[in-house]
Amino acid sequence: MYGYELAHAIRESTREAISLGEGVLYPALHALERRGFLRARRRTVSGRTRVYYAITPRGNRRLGELSGEWHRIAGAVRAVLAET
Amino acid sequence: MTTQRFAGLSRRLLRAGVAPRHVKRLIAELEAHFADIVAELRSTGRSQAESESQAAIRLGTEDVLAANIIARPELQSWARQWPWLAFVLLPLLALPLQFVLSMLAAIGVFNFSTRVLGLTALHPGAVPWVVGVLQTYGVWIAPILAAGAACFLAARRGAPALWPIVGSALIALVGASTNASFEWSPAVPRGALSGGIGFHFPDVGTAMSFRAAFTLLIGLATFLWMRRRVNGENQARSP
């Protein structure tokens, strides 16, 4: 996916609940690439050069860790809210 | 190529020490993203002006984009992360390298002139002049270039003044201690070229101080000139 597609996907999958300046995606993408979590490939499609990002095995592992962490926190918050 | 829309952001990021390769790619990606949003909005029947205005809002203001990019330490240039390396150590190491290269070039010119062109001490042609120019480069110009380049780049990248000043002072000192001589006469028919870095005591006083001060002055003048120019450009562009 390239940046515009990613922004579009975020908007759609969150039903526009997460609204951010779409441009701020790029520093995050560059930083993730520098850390080895993403791989960037430049491709020319229909005469336009785009940078496509793909997750690396290292990125997948990190995503798994963060997802697990998030589910634990979300579960804890749900449990607290259920008691109130 | 940076369009006018993101030219200000590009300059701002470079001044803040973001690596040029990241700036170039970020700007290209933002431009493409902007064009995609405009095309998306145009396809819904909006005018070009309205689409561009909406695209600018969706992408984020220059302040927001700049703050987000500058806040990422991973995107900073190596010169910003290790200024002592960029503005002190590397220019300092470039000095003996340039000196050695100029001496090797002088040896090459001499060998070519004697072995291929058949010049002798009695008929030296332009050899003493060319070797003199190369020696002048190694002894005088190389330190000035090393200090000037360090100061120029530091000022252009908005680096703190400390490192280029320290670098220039060390370069000036080492540069002033270089020496070279060439002799080629009937008394020395095979020629003698010598060069080195060190203190030669009768010259330590005035001559060495003058050379060091001259190099330091050029470096600092370059730094101040470039910094003033960058500040002038920033003021001219600020609303």
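Residues numbered from 1 in each chain as written. Chains lettered and ligands numbered in written order. Predicted model: local features only at pLDDT ≥ 70, side-chain atom pairs only at ≥ 80, totals over all residues.

(A) Structural detail: the overall build of chain A. Regarding its fold elements, chain A presents three helices and two strands. When the helices and strands of chain A are placed in sequence order, the string is α-α-β-β-α. Considering only contacts in chain A between residues 6 or more positions apart, those separated by 24 or more positions represent 22%. (Helix = DSSP H or I, 4+ residues; strand = E, 2+ residues; numbered from the N terminus. Contact = placed C-beta atoms within 7 Å.)

(B) Representation of the overall build of chain B. On a plain count of helices and strands, chain B comes out with nine helices and two strands. Along chain B, from the amino end to the carboxyl end, the secondary structure elements read α-α-α-α-α-α-α-α-β-β-α. Per-residue burial for chain B yields a buried fraction of 31% across its 239 residues. Here the contacts in chain B between residues at least 6 apart in sequence split such that 74% fall between residues at least 24 apart. (Buried ≥ 20, exposed ≤ 12 C-beta atoms within 10 Å, placed from the backbone.)

(C) Seen up close, the interface of chain A and chain B. If you look at the interface, chain A gives 15 residues, while chain B gives 18 residues. In terms of residues, the side of chain A that touches chain B owes the most to one element, helix α2 (residues 25-34) of chain A, which gives five residues. The class makeup of the residues in the side of chain A that touches chain B is six nonpolar, four polar and five charged. (Nonpolar A, V, L, I, M, F, W, Y, C, P; charged D, E, K, R; others polar.)

(D) Structural context of helix α3 (residues 57-83) of chain A. Over its 27 residues, α3 of chain A extends 39 Å from the first C-alpha to the last, a length consistent with the 39 Å expected when each residue adds 1.5 Å. Taking burial as the measure, the 27 residues of α3 of chain A include zero buried ones, a minor fraction of the element. (Expected span 1.5 Å × (residues − 1).)

(E) Structural context of the pairing of strand β1 (residues 38-45) of chain A. Residues and elements named next belong to chain A. Counting buried residues in β1 gives zero out of eight residues, a small share hidden from the surface. Of the strand pairs in this sheet, β1 and strand β2 (residues 48-55) are connected by eight bridges, and their pairing is antiparallel. From the neighbouring strand, R42 faces β2, where its bridge partner is V51. Remark: two residues form the turn of the hairpin made by β1 and β2, two consecutive strands paired antiparallel; S46 in that turn has positive phi of roughly 50 degrees. (Pairing = 2+ DSSP bridges.)

(F) View of the environment of E40 of chain B. All names here are of chain B. Relative to the assigned elements, E40 resides in helix α2 (residues 20-42). Of the residues examined, E40 has 16 C-beta atoms within 10 Å and is grouped as partly exposed. Taking the C-alpha atoms as reference points, E40 and S51, separated by 11 residues in sequence, lie 8.4 Å from one another.

(G) Looking closely at the confidence of the model for chain A. This prediction gives chain A a mean pLDDT of 89; 100% of its residues lie at or above 70. The least confident element of chain A, judged by mean pLDDT, is helix α1 (residues 3-13) of chain A at 87; the most confident is α3 of chain A at 94. (pLDDT = per-residue confidence, 0-100.)

(H) Quick look at the nonpolar core. Counting 32 residues, the largest nonpolar core has F87, A146, A147 and A154 of chain B as the members making the most contacts within it. Sort the elements by how many residues they give to this core and helix α7 (residues 127-156) of chain B lands first, with 14 residues. Setting aside residues no more than four positions away along its own chain, F87 of chain B makes contact with A150, A154, A159, W163, P164 and G167 of chain B. Counting residues in hydrophobic clusters, the runner-up holds 23 residues, among them A7 of chain A together with V23, L59 and I69 of chain B. (Core = buried A, V, L, I, M, F, W, Y, C linked by C-beta atoms within 7 Å.)

(I) Representation of helix α1 (residues 4-15) of chain B. Residues and elements named next belong to chain B. For α1, built from 12 residues, the straight-helix expectation of 16 Å at 1.5 Å per residue is met to within 8% by its first-to-last C-alpha distance of 17 Å. If you check which residues of α1 are buried, you get F6, L9, R12 and L13. Projected down its long axis, α1 shows its buried positions confined to an angular sector of 110 degrees, all on one face. Where α1 is buried, its residues touch α2 and α4 (62-70). Downstream of α1 by a residue or two, G17 has a phi angle that is positive, lying close to 95 degrees. (Arc of directions from axis to C-beta.)

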